[in-house]
Amino acid sequence: MDDKAKLRVKEALVAHLEAHLRATDAAVGRQDSAARLDPDSSFSVDDQSQSDQAGDLGGLYEDVAERQHGTVAHAESLDFGPTSEIRPGAIVVLDDNHYVVGVVSSPFECDGVTYEGMTTDAPLYDALKDLHAGDTFTFAATEHRIGSVS
């Protein structure tokens, strides 16, 4: 994979993560709105309970949004330069699956290929770290071969 292709993968990854972040930010706004009660209006105990629940849920969404902001920033800072060994910023083909190493992400598409993020906290990364294309390793009692690293 050439440098331009890797850059397109990075851009697709960041766009994918930002889309999730926008969706979470919208959910935060909806829950914040649902949590507000008009102090000049009368409301029932049920209204108060629903407001409290919406506020609690909004707080959870805010926590998720904060983590997602960090994930986007981390993805943007990853070094996607050429590499022959598995490290953060590498793109790895393993058993016909494509991974971007260094950040957690649900599957996303780029140039007709589906990629998934692999965090450095993942047990699989521990087994892959510093290996090269063509290397084999055993993970979860199964032998795997690394198809490519770029």
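Our structure's up above, just so we're on the same page.
The rules we used
Residues numbered from 1 in each chain as written. Predicted model: local features only at pLDDT ≥ 70, side-chain atom pairs only at ≥ 80, totals over all residues. Heavy atoms only, no water. Core = buried A, V, L, I, M, F, W, Y, C linked by side-chain atoms within 4.5 Å. Buried < 20%, exposed > 50% of the residue type's maximum accessible area, 1.4 Å probe, protein only. Helix = DSSP H or I, 4+ residues; strand = E, 2+ residues; numbered from the N terminus. Contact = heavy atoms within 4.5 Å. Pairing = 2+ DSSP bridges. Axes fitted to C-alpha atoms, helices over the stretch in contact; angles between N-to-C directions. 1 Å grid on protein atoms, 1.4 Å probe; cavity = no way out; pocket = protein on both sides within 12 Å on 5 of 7 lines; lining within 4 Å. Points joined across faces, edges and corners; volume = space filled by probe spheres on them. Nonpolar A, V, L, I, M, F, W, Y, C, P; charged D, E, K, R; others polar.

A. Representation of the nonpolar core. Grouped together as the largest cluster of nonpolar side chains are 16 residues, with contacts concentrated most on V9, L13, F80, V100, F108 and Y115. The dominant element in this core, judged by the number of residues it contributes, is helix α1 (residues 3-35), at 6 residues. With sequence-adjacent residues up to four places away left out, Y115 is seen in contact with M1, V9, I91, H98, V100, S106, P107, F108 and C110. Within the second largest apolar cluster, 15 residues are counted, among which are L94, Y99, V101 and L128.

B. Fine view of the sheet that holds strand β4 (residues 113-118). Strand order across the open sheet formed by 6 strands is β3-β4-β2-β1-β6-β5, with mixed pairing between neighbours. Of all the strands in the sheet, the pair left with one neighbour each is β3 (105-110) and β5 (136-139). Taking each pair of neighbouring strands and ignoring which way they run, the sheet shows an average axis angle of 40°. Relative to strand β6 (residues 142-149), β5 is paired through 4 bridges, and the arrangement is antiparallel. For F139, the partnering residue across the bridge sits in β6 and is T142.

C. The arrangement of the layout of surface pockets in detail. Roughly 160 Å³ of volume is contained in the largest pocket. Around the largest pocket, the lining residues are H16, L17, H20, Q68, T71, V72, V104, S105 and S106. When contributions to the lining of the largest pocket are tallied by element, the ones reaching two or more residues are α1, α2 (45-77) and β3. Tallied by class, residues from the lining of the largest pocket come to 3 nonpolar, 6 polar and no charged.

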